[in-house]
Amino acid sequence: MKKYTNLGSKDTRSGFGAGLTELGQKNENVVALCADLIGSLKMDDFKKNHPERFFQVGIAEANMIGLAAGMTIGGKIPFTGTFANFSTGRVYDQIRQSVAYSEKNVKICASHAGLTLGEDGATHQILEDIGLMKMLPGVTVINTCDYNQTKAATLAIADHKGPVYLRFGRPVVPNFIPEDLPFEIGKAVVLSEGTDVTIVATGHLVWEALQAAEELEKEGISAEVINVHTIKPLDEETILKSVAKTGCIVTAEEHNYLGGLGESISGVLALNKPTPQEFVAVNDVFGESGTPEALMEKYGLNAKSIIEKAKKVITRK
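The following paragraphs examine the structure supplied in this document.

Basis of the calculations
- Residues numbered from 1 in each chain as written.
- Predicted model: local features only at pLDDT ≥ 70, side-chain atom pairs only at ≥ 80, totals over all residues.
- Heavy atoms only, no water.
- Helix = DSSP H or I, 4+ residues; strand = E, 2+ residues; numbered from the N terminus.
- Rg over C-alpha atoms; globule rule 2.2 N^0.38 Å.
- Contact = heavy atoms within 4.5 Å.
- Areas by Shrake-Rupley, 256 points an atom, 1.4 Å probe, with all protein chains shown as cover.
- Lys, Arg positive; Asp, Glu negative; His and termini not counted.
- Charge placed at Lys NZ, Arg CZ, Asp CG, Glu CD.
- Buried < 20%, exposed > 50% of the residue type's maximum accessible area, 1.4 Å probe, protein only.
- Polar contact = N/O pair within 3.5 Å; in protein donor to acceptor, adjacent residues only side chain to side chain.
- Salt bridge = Lys/Arg side-chain N within 4 Å of Asp/Glu carboxyl O.
- Core = buried A, V, L, I, M, F, W, Y, C linked by side-chain atoms within 4.5 Å.
- Disulfide = S-S within 2.5 Å.
- Expected span 1.5 Å × (residues − 1).
- Pairing = 2+ DSSP bridges.
- Axes fitted to C-alpha atoms, helices over the stretch in contact; angles between N-to-C directions.

Across its full length, the protein holds 12 helices and 14 strands. Its C-alpha radius of gyration of 19 Å places the protein within 12% of the 20 Å reference for a compact globule of 317 residues. If one aligns the C-alpha atoms of the protein with their principal axes, the spans along those axes are about 60 × 40 × 35 Å. Across the protein, the fraction of contacts at a sequence separation of at least 24, relative to all contacts at a separation of at least 6, is 80%. Total accessible area computed for the protein in this model is approximately 12500 Å², and 50% of it derives from carbon and sulfur atoms. A distance of 2 Å separates the average location of the 32 positive side-chain charges in the protein from that of its 39 negative side-chain charges.

Our next topic: unusual backbone geometry. Glycine aside, negative phi is the norm for most residues, and most peptide bonds take the trans geometry. Following K232, the chain continues to P233 via a peptide bond in cis, the omega torsion being 0 degrees. Assignment of secondary structure puts P233 in the loop between β12 (230–232) and α9 (236–246). Residue E103 is not a glycine yet carries a positive backbone phi of 55 degrees. Along the chain, E103 turns up in the loop between α5 (92–100) and β5 (107–111). Although it is not a glycine, D284 adopts a positive phi angle of roughly 55 degrees.

Here N143 lies in strand β6 (residues 140–143). In this structure N143 comes out as buried when scored by relative accessible area, which is 4%. A polar contact is formed between the side chain of N143 and the side chain of T202, at a distance of 3.1 Å. Setting aside residues up to four positions removed in sequence, N143 forms contacts with I130, R167, T202, G203, V228, H229 and I231.

To continue, consider the pattern of salt bridges. Enumeration according to the criterion identifies 15 salt bridges in this entry. The residue D129 makes a salt bridge to R167 at a minimum N-O spacing of 2.7 Å. Residue D129 is found in helix α6 (residues 129–134), and its partner R167 is found in strand β7 (residues 164–167); the two are separated by 38 residues along the sequence. Looking at D129, the relative accessible area reads 0%, which means it is buried. Between K218 and E215 there is a salt bridge, with the nearest N and O atoms lying 3.1 Å from each other. A residue pair is termed a helical-turn pair when its members lie 3 or 4 positions apart in one helix, as K218 and E215 do in helix α8 (residues 205–218) at three residues. Under the relative-accessibility criterion, K218 is labelled exposed at 64%. Overall, the relative accessible area of 35% leaves E215 in the partly exposed class.

With that settled, the discussion passes to the nonpolar core. With 39 residues, the main nonpolar core has I95, M133, Y165 and I265 as its most contacted residues. If you list the elements that add at least two residues to this core, you get β2 (30–34), α3 (61–73), α5, β5, α6, α9 and α10 (261–272). Aside from chain neighbours lying at most four places away, what touches I95 is I65, S87, T88, A100, I108, M133 and L136. One finds W207, V280, L295 and A310 within the second-largest nonpolar core, a separate group that totals 36 residues.

For the rest of this paragraph, the subject is the state of the cysteines. Summed over the entire model, instances satisfying the criterion amount to zero disulfides. In this model C145 remains outside any disulfide bridge; the closest cysteine sulfur is found in C109, 17 Å from its own. Taking the relative accessible area as the measure of exposure, C145 reaches 2% and is therefore buried.

So, about α8. Look at α8: 20 Å from first C-alpha to last across 14 residues, which is about the 20 Å you get at 1.5 Å a residue. Within α8 the residues assigned to the buried category are L205, V206, W207, A209, L210, A212, A213 and L216. The elements touched by buried residues of α8 are β9 (189–192), β10 (197–201), β11 (223–227), β13 (249–256), α11 (292–298) and α12 (303–314). Trailing α8 by a residue or two, G220 shows a phi angle of about 85 degrees, which is positive.

Once that is clear, we can look at the sheet that holds β6. Consider a sheet: its strands pair through backbone hydrogen bonds, and that pairing is either parallel or antiparallel. Strand order in the open sheet made by the seven strands is β3-β2-β4-β5-β7-β6-β12, with mixed pairing throughout. Strands with a single pairing partner mark the edges of an open sheet, and in this sheet they are β3 (54–56) and β12. When strand polarity is set aside, the average angle formed by the axes of neighbouring strands in this sheet is 20 degrees. The pairing of β6 with β12 spans two bridges and is classified as antiparallel. Looking across to β12, one finds that V141 is bridged to K232.

Listed below in structure tokens is the structure:
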């Protein structure tokens, strides 16, 4: 299998900040709005360099979404920034009516998603946001795996016409995707080819999937690893091609198994090619306070769990 190297661990939110800074220089129509979390969302440089295009709305997320929707009418490309919990659950009605239904070109950029938010606990660790956003007609849903991919995705969504939900995280994680790898919305990336089991992962679980595949290889199990950064629209062709070869699949995500990537893939398989599937995801519970590492271990979101599920699903072929 192809080996990937950690190029230097970084937080994915800094990838968003770097991408937004570059967009500010390249595209004068890009504007940024933040709900009192400039530092957390790494929007400092954009604000410093383009103060006339930056809007601090305070702790008023619903107002932020409404402002962003209005700005698109004048041709602006608004990027909103706050925690994933406040980017979706708190403002779902505004997103549904003013952005999705109205087909507004708003980029909803959400940091601190999932359990790896850590010590802030269950009230902030949203695990249902992918489900909320993928159910809205016309909304593109992207969940990036490292710094380089988050930066590339931030740049790519500025050129995409229509509402986008871009999900990333708080912790420092391995940065392993080549900096020059093109980011194509809706196109999964086969990171390594295999014949015995397909492992499809998104977000922080992509690196764990690669580690799992290396361990499985030592035991004579050939795993194909696919990075699905775009959950909607889903790259059905790549997934179906892979399971046609391997005959089974494991999906891995930092999200509730209900409403997430795995559920989307289950639907594709049911309609096209029924295939044994195992889930590595949160099992319909809330999170809790703790370090990101401890929480990922407790809730089974790691390479160890992926290996266990891979061995299990192979027996179901």
